[in-house]
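Descriptive structure summary
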Amino acid sequence: QQITLFHGFEVDFSGGKGASIQRRAIAHNVGEDGGMQTIFERDDGLRCHIGGKELWSSTDAQHGISTTVKELLGCADVHLDAPHHHRTTGLGLNLRLDYRQKLAGDIICRIKVVPLPFHAQAPQMVDLVKLPNSVVARRARRAHRIAMTTSV
């Protein structure tokens, strides 16, 4: 499954008045501001290759950062069949974005790809079913899939 990621930020330095706003986005034209770099990491800080790159510049990401669920799972060091059998229990992936500005003005966004237990991501679905002996029973189910969330 192909995923295209766009990210950016907006900061109001005027206390909510909108007088001094700084905005950056990965698909932004580099121009005078030096652009932004994006690095993907595991939770332990080890860098990952996403879309064939370890570091994405604004120029590289003009049309977004293209990746796959498989690459993001690899970056999170998750294997669907072991040891927790995520293929049958489901899994959450959190993309934690951390924006920092270098002294030269360039912005670096480090995206940590962190696995989460799926039950923390997906609500349980509850319904009533009629059993063969005309008894109605409550059934609780949880979907098995990969849920993605982001945080800054």
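What you see is a predicted model, and the numbers here were worked out from it, not measured in a lab.

For the structure on display, the rule yields six salt bridges. Across the pair Arg42 and Asp44 runs a salt bridge, and its minimum N-O distance is 2.5 Å. Here Asp44 falls in the exposed class, since its relative accessible area comes to 54%. Taken together, the salt bridges that share partners define one network made up of Glu41, Arg110 and Lys112.

With that settled, consider the environment of Thr149. As for its placement among the helices and strands, Thr149 is situated in strand β11 (residues 146–151). We classify Thr149 as partly exposed; its relative accessible area is 27%.

The final tally for this structure, using the stated rule, is one aromatic pair. Geometrically, the ring pair formed by Phe9 and Tyr99 is tilted, given 5.0 Å between the ring centres and 55 degrees between the ring planes. Residue Phe9 is located in strand β2 (residues 8–12), and its partner Tyr99 is located in strand β7 (residues 91–101); the two are separated by 90 residues in the primary sequence. Directly above the ring of Trp56 sits Lys53, whose terminal nitrogen or CZ lies 5.7 Å from the centroid.

If you walk through the whole model with that rule in mind, you get one disulfide. Paired by a disulfide, Cys48 and Cys75 hold their sulfur atoms 2.1 Å apart. One quick way to see it: the torsion about the S-S bond of Cys48 and Cys75 is about 80 degrees, and its sign makes the bridge right-handed. Taken together, the residues span a long stretch of sequence, with Cys48 in the loop between β4 (36–42) and β5 (55–56) and Cys75 in helix α1 (residues 69–75) at a distance of 27 residues.

This brings us to the side chain of Glu41. Along the chain, the position of Glu41 falls in strand β4. Judged by its relative accessible area of 6%, Glu41 falls in the buried class. Not counting residues up to four positions away in its chain, the partners in contact with Glu41 are Leu46, Arg47, Cys48, Cys75, Arg110, Ile111, Lys112 and Val113.

With that settled, the discussion passes to the pairing of strand β6 (residues 65–68). On β6, burial follows the alternation: Ile65 and Thr67 on one face are buried, whereas Ser66 and Thr68 on the facing-out side are not. Two strands pair when backbone bridges link them, and strand β1 (residues 2–5) and β6 are joined in this way by four bridges, in the antiparallel orientation. Opposite Leu5, over in β6, you have Ile65 as the bridge partner.

Read across the open sheet, the five strands follow the order β5-β4-β8-β7-β11; overall the sheet is mixed. Each of the sheet's edge strands pairs with one partner strand only, and the pair in question is β5 and β11. In this sheet, strand β8 (residues 107–117) lies alongside β4 in parallel orientation, the contact comprising seven bridges. Paired with Ile39 across the two strands is Arg110, which belongs to β8.

Conventions used here
Residues numbered from 1 in each chain as written. Predicted model: local features only at pLDDT ≥ 70, side-chain atom pairs only at ≥ 80, totals over all residues. Heavy atoms only, no water. Salt bridge = Lys/Arg side-chain N within 4 Å of Asp/Glu carboxyl O. Buried < 20%, exposed > 50% of the residue type's maximum accessible area, 1.4 Å probe, protein only. Helix = DSSP H or I, 4+ residues; strand = E, 2+ residues; numbered from the N terminus. Phe/Tyr/Trp six-rings, centres within 6.5 Å; stacked < 30°, edge-to-face > 60°. Lys NZ or Arg CZ within 6 Å of the ring centre and 35° of its normal. Disulfide = S-S within 2.5 Å. Contact = heavy atoms within 4.5 Å. Pairing = 2+ DSSP bridges.

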